[in-house]
Amino acid sequence: MNRRRILALSAVTTLAFALYASDVVAQLAKDVVGSWTIVSAGDAYGPTPKGSLIFEPNGRFSIQLLRHDLPKYASNNRTQGTPAEYKATVEGSLAYFGMYSVSGTDLNLHIEGSTFPNWIGMDQKRINLSISGDELKYTQPNPSGGGAAALVVWRRAK
C-alpha cells in the first residue's frame, strides 16, 4: 500500500473511532438520567446506607446519603438536639445539589448547595462512571470525610 492510502485509511479509522466514542459518551449521559437509590458508598454510611440520587435531563442533580442507624432526637425537635445527636447527624449524612455533565467516564459536578459547606461552589469529579443494566457505579476520589477513594453503587429506582 502506498503512503497516501495508509494515511487515508488511518484518518477514516480515527474518525470512526471518534464518532463511536462520542456516541458511547452521549449514551452514558442519557443513561444516567433518572432516579437512583444507594446500594453502597464505602465505609462512611455503614453497610446498609439510605440515599437518593436524581439526575434530571436538564443537567441538574441532587444527592442525599444517610446512615441507616441515625439516632432520633430525644427532644423530637431538630433545632433542640444534644451535641451528641448533632454530631451523629453530621457524621452520618450528606446532601448536595447542582449541575452535572458527563465527559468520557467522568461525572462532573458543580455543587451549588451542600450540607458540607466547604463543597459549595466547587467543581468535583467522580471517576470511572459506568452503567450496567439498572446499576450505576463511580469512584468518589476525595470523600468529604477524608480517607481513601470510595466506590459508590446505585440502583435505578423503580
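Model, not experiment: these values are computed from the prediction.

**Description of the overall build of the protein**
Part 1 of the argument: Helix and strand counts for the protein stand at two helices and eight strands.
Part 2 of the argument: Its helices and strands taken in sequence order, the protein reads α-β-β-β-α-β-β-β-β-β from the N to the C terminus.
Part 3 of the argument: Considering the protein as a whole, with its 158 residues, one finds that 26% of them fall into the buried category.
Part 4 of the argument: By sequence separation, contacts in the protein at least 24 residues apart represent 40% of the contacts at least 6 residues apart.
Part 5 of the argument: Carbon and sulfur atoms make up 58% of the accessible area of the protein, which totals about 9900 Å².

**With respect to the sheet that holds strand E5 (residues 106–114)**
Part 1 of the argument: Spatial strand order, E1-E2-E3-E4-E5-E6-E7-E8: eight strands in a closed barrel with antiparallel pairing. Direction aside, neighbouring strands of the sheet carry axes that sit 35 degrees apart on average.
Part 2 of the argument: In this structure, strand E2 (residues 50–55) lies alongside strand E3 (residues 60–66), joined through six bridges in antiparallel fashion. Opposite Ile 54, over in E3, you have Ser 62 as the bridge partner.

**Some remarks on the nonpolar core**
Part 1 of the argument: Counting 24 residues, the largest nonpolar core has Phe 55 and Trp 154 as the members making the most contacts within it.
Part 2 of the argument: Those elements that provide at least two residues to this core are strand E1 (34–41), E2, E3, strand E4 (93–103), E5, strand E7 (135–140) and strand E8 (150–156).
Part 3 of the argument: The biggest single contributor to this core is E4, with four residues.
Part 4 of the argument: Other than its neighbours up to four places away in sequence, Phe 55 contacts Val 32, Val 33, Gly 34, Trp 36, Arg 60, Phe 61, Tyr 100, Leu 107 and Leu 136.

**Remarks on the side chain of Ser 114**
Part 1 of the argument: Relative to the helices and strands, Ser 114 resides in strand E5.
Part 2 of the argument: Within the structure, Ser 114 has its side chain in polar contact with the backbone oxygen of Ala 95 (distance 3.4 Å).
Part 3 of the argument: A polar side-chain atom of Ser 114 sits 2.9 Å from the main-chain amide nitrogen of Phe 116.
Part 4 of the argument: If we ignore the near neighbours within four places in the chain, the residues touching Ser 114 are Leu 94, Ala 95, Tyr 96, Trp 119 and Ile 120.

**Some remarks on the side chain of Thr 139**
Part 1 of the argument: Residue position: Thr 139 is located in strand E7.
Part 2 of the argument: The buried category is assigned to Thr 139, whose relative accessible area is 17%.

Procedures and definitions
Residues numbered from 1 in each chain as written. Predicted model: local features only at pLDDT ≥ 70, side-chain atom pairs only at ≥ 80, totals over all residues. Heavy atoms only, no water. Helix = DSSP H or I, 4+ residues; strand = E, 2+ residues; numbered from the N terminus. Buried < 20%, exposed > 50% of the residue type's maximum accessible area, 1.4 Å probe, protein only. Contact = heavy atoms within 4.5 Å. Areas by Shrake-Rupley, 256 points an atom, 1.4 Å probe, with all protein chains shown as cover. Pairing = 2+ DSSP bridges. Axes fitted to C-alpha atoms, helices over the stretch in contact; angles between N-to-C directions. Core = buried A, V, L, I, M, F, W, Y, C linked by side-chain atoms within 4.5 Å. Polar contact = N/O pair within 3.5 Å; in protein donor to acceptor, adjacent residues only side chain to side chain.

Such coordinate-based values are descriptive only and should not be taken to indicate function.
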